[in-house]
Amino acid sequence: MTVLTPHQTATGQPQPARRRRKPLGTRAYKVFRVAALVAVVLFLIAPLAWMLMASFKTNVDIYDTAKSIIFTPTGENYANVLQRNNYFVFIFNSFWVAFVSTALSLVLGVPAAYAMSRFTMHRSALVVLMARVIPGVSLLVPWYYVFSNLKMVGGFEVLILSHMFVALPLIVYIMMSYFDSLPLELEESAQVDGLTPIGAFRRITLPLSVAGMATAGILSFIFSWNNFMFALVLSGSKTKTLPVAIFDFVSYASIDWGGLMAAATVVTIPIMIIALFTQKYIVSGMTAGATKG
Amino acid sequence: MSVTTSPRSAARNPSRAPGARDKFSDWANVHRKWLFAAPAMAFVGVLIVFPLAWTLYLSLTDSQGSVRAATEFIGLENYLTVLSDVERFWPAVGRTMTFTGIALVCEVVLGMGIALLLWRPFRGEKWVRVAILLPLVATPVAVGMMWRLIFDPNIGFVNQLLGMVGIPAQPWLSGQDTALGTTIFMDVWQWTPMVVLILLAGLTSLSDEPDEAARMDGANSFQRFFYITLPLMMPTVIVAILLRGIDALKTFDILYATKGKGGGSFHEVETLNVYAYGLSFDYNQYGLSSAVLILFFMIIIGTMWLLTMRKKAVSK
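Here is what the cut-offs are and how they apply
- Residues numbered from 1 in each chain as written.
- Chains lettered and ligands numbered in written order.
- Predicted model: local features only at pLDDT ≥ 70, side-chain atom pairs only at ≥ 80, totals over all residues.
- Helix = DSSP H or I, 4+ residues; strand = E, 2+ residues; numbered from the N terminus.
- Buried ≥ 20, exposed ≤ 12 C-beta atoms within 10 Å, placed from the backbone.
- Contact = placed C-beta atoms within 7 Å.
- Rg over C-alpha atoms; globule rule 2.2 N^0.38 Å.
- Nonpolar A, V, L, I, M, F, W, Y, C, P; charged D, E, K, R; others polar.
- Axes fitted to C-alpha atoms, helices over the stretch in contact; angles between N-to-C directions.
- Parallel < 35°, antiparallel > 145°, perpendicular 65-115°, else oblique.
- Left-handed = near helix turned anticlockwise from the far one by under 90°.
- Expected span 1.5 Å × (residues − 1).
- Bend = angle between axes of the 7 residues up to and from the residue.
- Core = buried A, V, L, I, M, F, W, Y, C linked by C-beta atoms within 7 Å.
- pLDDT = per-residue confidence, 0-100.

A. Inspection of the overall build of chain A at higher detail. Along the backbone of chain A there are 14 helices and zero strands. Burial status across chain A gives 45% buried among its 293 residues. Pairs at least 24 apart in sequence give 76% of the contacts found in chain A among residues at least 6 apart.

B. Geometry of the overall build of chain B. Tallying secondary structure elements over chain B gives 14 helices and zero strands in all. In sequence order, chain B lays out its α and β elements as α-α-α-α-α-α-α-α-α-α-α-α-α-α. A compact globule built from 316 residues would reach a C-alpha radius of gyration of about 20 Å, whereas chain B, at 27 Å, exceeds it by more than 25%. Classification of the 316 residues of chain B by burial places 41% in the buried group. Across chain B, the fraction of contacts at a sequence separation of at least 24, relative to all contacts at a separation of at least 6, is 66%.

C. Structural detail: the interface of chain A and chain B. On the side of chain B, 81 residues touch chain A, which itself brings 80 residues to the contact. No other element matches helix α1 (residues 27-54) of chain A, which puts twelve residues into the side of chain A that touches chain B. Looking at the side of chain A that touches chain B residue by residue, the class counts come to 63 nonpolar, 14 polar and three charged.

D. Structural view of the packing of helix α12 (residues 242-249) of chain A against helix α7 (residues 140-150) of chain B. Viewed as axis vectors pointing N to C, α12 of chain A and α7 of chain B meet at an angle of 25°, and their least axial separation amounts to 9 Å. In terms of axis orientation, α12 of chain A runs roughly parallel to α7 of chain B. Read as a crossing pair, α12 of chain A and α7 of chain B show a hand that is left-handed. Across the interface between the two elements, Pro-243, Ile-246 and Phe-247 of chain A from α12 of chain A touch Val-141, Ala-142 and Met-145 of chain B from α7 of chain B. In the contact of α12 of chain A with α7 of chain B, the residues fall into six nonpolar, no polar and no charged.

E. Region of interest: helix α9 (residues 197-208) of chain A. Residues and elements named next belong to chain A. Relative to the 16 Å expected for twelve residues at 1.5 Å per residue, α9 spans 15 Å between its end C-alpha atoms, a close match to the ideal helical length. Those residues of α9 that sit buried are Gly-199, Ala-200 and Phe-201. Buried positions along α9 lie against α4 (87-118) and α8 (184-192).

F. Structural detail: helix α13 (residues 257-277) of chain A. Residue and element names in this part refer to chain A. Taking 1.5 Å of rise per residue, the 21 residues of α13 would be expected to cover 30 Å, and the 30 Å separating its terminal C-alpha atoms lies within 8% of that figure. At Thr-268, α13 shows its maximal bend, which comes to roughly 30°, and the proline Pro-270 appears one to four places after that position. With 15 of 21 residues buried, α13 is to be regarded as a mostly interior element.

G. Highlighting the environment of Ser-290 of chain B. All names here are of chain B. If you trace the backbone, Ser-290 turns up in helix α14 (residues 286-315). For Ser-290, a count of 29 C-beta atoms within 10 Å corresponds to the buried category. As for Ser-290 and Leu-52, which are separated by 238 residues in sequence, their C-alpha atoms are 9.4 Å apart. Those residues in contact with Ser-290, other than ones at most four positions away along the chain, are Thr-55, Leu-58 and Ser-59.

H. Layout of unusual backbone geometry. All names here are of chain B. Despite not being glycine, Trp-172 shows a phi value in the positive range, around 45°. Taking the C-beta count within 10 Å as the criterion, Trp-172 has 22 such neighbours and is therefore assigned buried. Despite not being glycine, His-267 has its phi angle at roughly 60°, a positive value. One can find His-267 in the loop between α12 (253-259) and α13 (272-282). Residue classification places His-267 among the buried positions, given that 21 C-beta atoms sit within 10 Å.

I. Representation of the nonpolar core. Counting 164 residues, the largest nonpolar core has Leu-168 and Val-172 of chain A together with Val-292 of chain B as the members making the most contacts within it. No other element matches helix α7 (residues 156-181) of chain A, which puts 17 residues into this core. In contact with Leu-168 of chain A, other than residues within four places in its own chain, are Ser-105, Leu-108, Gly-109, Val-128 and Ala-131 of chain A together with Ala-40, Phe-43 and Val-44 of chain B.

J. Region of interest: the environment of Gly-218 of chain B. Residues and elements named next belong to chain B. Here Gly-218 is to be found in the loop between α10 (209-216) and α11 (221-249). Residue classification places Gly-218 among the exposed positions, given that 7 C-beta atoms sit within 10 Å. In the structure, Gly-218 is positioned 22 residues away from Val-196 in sequence and 28 Å away in space, judged by C-alpha atoms.

K. Main features of the packing of α1 of chain A against helix α6 (residues 125-137) of chain B. Put simply, α1 of chain A and α6 of chain B touch, their axes get as near as 9 Å, and they point 40° apart. On the basis of the axis angle, α1 of chain A is oblique to α6 of chain B. For the crossing formed where α1 of chain A meets α6 of chain B, the hand is left-handed. Contact residues: α1 of chain A offers Leu-37, Val-41, Leu-44, Ile-45 and Leu-48 of chain A, while α6 of chain B offers Val-128, Ala-131, Ile-132, Leu-134 and Pro-135 of chain B. Residues belonging to the contact of α1 of chain A with α6 of chain B are distributed by class as follows: ten nonpolar, no polar and no charged.

L. The arrangement of the environment of Ile-171 of chain A in detail. All names here are of chain A. By secondary structure assignment, the location of Ile-171 is in helix α7. Classification of Ile-171 by C-beta neighbours within 10 Å gives buried; the count is 30. For the pair formed by Ile-171 and Val-283, sequence separation is 112 residues and the distance between their alpha carbons is 14 Å. Apart from the residues within four sequence positions on either side, Ile-171 is in contact with Ser-105, Leu-106, Gly-109, Val-110, Ala-113, Ala-216 and Ser-220.

M. Structural context of the confidence of the model for chain A. Scored by pLDDT, chain A has a mean of 84; 89% of the residues are at 70 or more. The low-confidence segment residues 1-20 of chain A (pLDDT under 50) makes six contacts with residues lying over four places distant or belonging to another chain.

N. Seen up close, the confidence of the model for chain B. Looking at chain B, the pLDDT average stands at 87 and 93% of residues meet or exceed 70. When the criterion is pLDDT under 50, residues 1-16 of chain B qualifies, and its contacts beyond four places in sequence or with other chains add up to 19 contacts.

Quick look at the structure:
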């Protein structure tokens, strides 16, 4: 090993730790901590692993409790789901709706968050955040009526609009707390140098906010991808998104467990891969505004 | 920097006739506050205010079947019907409160425990963080389907596991008494990670000094947690409860995915949101469902208001 931990010297001899403070307790605590962490990880991961395993089993194997862990994997469920049930169409629909609604919400939401942060428009912010609080069902009846009169139900536009309704408050909320944390001085000195306020926003603030926008965009994409209720009512056969497609899977008489688990995995895996690569952003988005008193 | 083309300089030298573009840009700069904020607010406003007003109107009519059908104004009758409905409405209120209350308590207690475990750095931290992230981003409907298999009375993993230690198989989701508890468990699995992330952010932003001082004074870890860390963390805990509570009250996806219409054949998991959705889209009782929704909305606003007051009191 050439990498040295902070507590080792070049001779490899462990040195008395030069810690700033004593560790949180005794050896017993350390053992407890490791055991507890392992338990937490198992609790969170085991169900997902079970779903993944079942998606590679035949239905006969799923019913055979002797083959819980050891079984011969088969890709049949995935072949069924992807080919026979047209999942590529649903994957595209989900992606397209999430992508467009996120992009449009960023265009509307980022300037709004900026204005609300810089001019401390708390009451206006409350109006937008109201969208997060209101139960979706109370909006769906009027929406459904209006949009079906406009012959829009079953089209992408209405789905995108409804998902923007989820995305926009999220983006405004995250971006407001991001802009709140950006120092004003940068914009002020840019204005002293001759930029207009909007120019300063475009050339100084926006480029500095890429991380914030990435956070807001990724979270909004995930929320839209996962959204079920709006799509359940407003999507048609051509615009069905993945969560609705999985839900339809069980309305048949007997459940094809292998296929269902393959479908569930197909929905979950893309979002998890995105999450793994953008972990930092997701964490900062989920905790945005939580710690400022 | 091309100062000469800047509209700002035009504004500074009124002697020079500004072009139309400059005029617009000056106007835009002066009115940027509303120019920036108005589109988003208009979007949300149109999509909320109009439907909410309509819901309020529908709740005062006997609208059913089709929204287009002629309706009669019946005043507060729907509210009276709903409020005196002890078969569906009040049990649904009870389930909503039970679901939210128990889920929140479990999530905050577990979340705090896990956040404390993660607080100080350790080897393998990266992997634990990944494990925490995964349930959080998983699609709720897919999660519901996953649990349906795991909690299946005959082939589910949970009963297999219990069988190994000699505990008889439980009905879980298909039991009239166990279904709600099982869905609460699912909610705890999926959303405790969010509470962990929020509380961890709070813990990390705490100053070390009070804790250090208490240690110098000989306080043990329990005393330090309950008398130092927890009081300092209270505002963050309330933010976590507020954020999670709003979503928990409105839980729909996993309930509908696991138990379907009406929250199961005995309405075992029928919360207010599931009830209102069923009234609207399975039974087309728009008048009644609107009354339920208005009451539900008032419950949510009331809960939020209480928590916000509490947070203000704690922050002082």
